[in-house]
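One-letter residues, chain by chain:
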Amino acid sequence: MEINITLLGQLITFAILVWVTMKYVWPQITKVMQEREQRIADGLAAGERGQHELELAQHKGAEQLRDAKIQAAELLDQANKRANQMIEEAKERAREEGERLLVMARADIEQEVQTARQKLRQDVATLAIASAEKILSRTIDSTIQHDLVEKMLTEI
């Protein structure tokens, strides 16, 4: 096979093209590829960090929800205790008020009994004087009658 000058020129031109490409173009291409590789790696790392932060946020949210439920249960328990305490206080006040009213009613009844006894004594004394007057067949004046009633009342 004959190597002629055209083939030799093409070979030299190709060699120059390869050399220029290796000297000026190839470093730019590798640089762009490395930058792109770095961006992809950074994006993957950011995605993993985001996934990890999402898991942490979910755990934290679940923990806060659990704490909120516990706190709500405690508040509900306190409210129930306070309500029971208020009911007991109201019962105690009602019991005290009932006892007070009972004491007042008993005092009123006792006063009414005393008034009725006094009236009954007075009526008995008047009746006794009227009976004695009829027995004696004479009239006793009102001052003597009044003195006799008073004397009888003190004796009774």
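A short tour of the structure in this document, coming up. A quick note: this is a predicted structure, and the numbers were derived from the prediction, not measured. (Residues numbered from 1 in each chain as written. Predicted model: local features only at pLDDT ≥ 70, side-chain atom pairs only at ≥ 80, totals over all residues. Heavy atoms only, no water.)

1. A closer look at the overall build of the protein chain
Counting its regular elements, the protein chain contains two helices and zero strands. In terms of overall dimensions, the protein chain is more spread out than a globule: its C-alpha atoms have a radius of gyration of 61 Å, far above the 15 Å expected for 156 residues. With the C-alpha coordinates of the protein chain rotated into their principal frame, the extents come out at 190 × 20 × 20 Å. The buried share among the 156 residues of the protein chain stands at 3%. Of the accessible surface of the protein chain, which amounts to about 14,100 Å², a share of 60% is contributed by carbon and sulfur atoms. Distance between charge centres in the protein chain, computed from 21 positive and 26 negative side chains, equals 2 Å. (Helix = DSSP H or I, 4+ residues; strand = E, 2+ residues; numbered from the N terminus. Rg over C-alpha atoms; globule rule 2.2 N^0.38 Å. Buried < 20%, exposed > 50% of the residue type's maximum accessible area, 1.4 Å probe, protein only. Areas by Shrake-Rupley, 256 points an atom, 1.4 Å probe, with all protein chains shown as cover. Lys, Arg positive; Asp, Glu negative; His and termini not counted. Charge placed at Lys NZ, Arg CZ, Asp CG, Glu CD.)

2. Description of the pattern of salt bridges
All told, the structure shown has five salt bridges when counted by the stated rule. When the shortest N-O distance is used, the salt bridge between Asp77 and Lys81 registers 3.6 Å. With a gap of four residues between them, Asp77 and Lys81 both fall in helix H1 (residues 5-136), about one helical turn apart. Judged by its relative accessible area of 38%, Asp77 is partly exposed. In this structure, Glu92 engages Arg95 in a salt bridge whose closest nitrogen and oxygen atoms are separated by 3.2 Å. Residue Glu92 and its partner Arg95 are both found in helix H1; the two are separated by three residues, about one turn of the helix. Judged by its relative accessible area of 34%, Glu92 is partly exposed. (Salt bridge = Lys/Arg side-chain N within 4 Å of Asp/Glu carboxyl O.)

3. Things to note about the environment of Ser142
With respect to the helices and strands, Ser142 occurs in helix H2 (residues 142-155). Separated by 80 residues in the primary sequence, Ser142 and Ala62 have C-alpha atoms spaced 101 Å apart.

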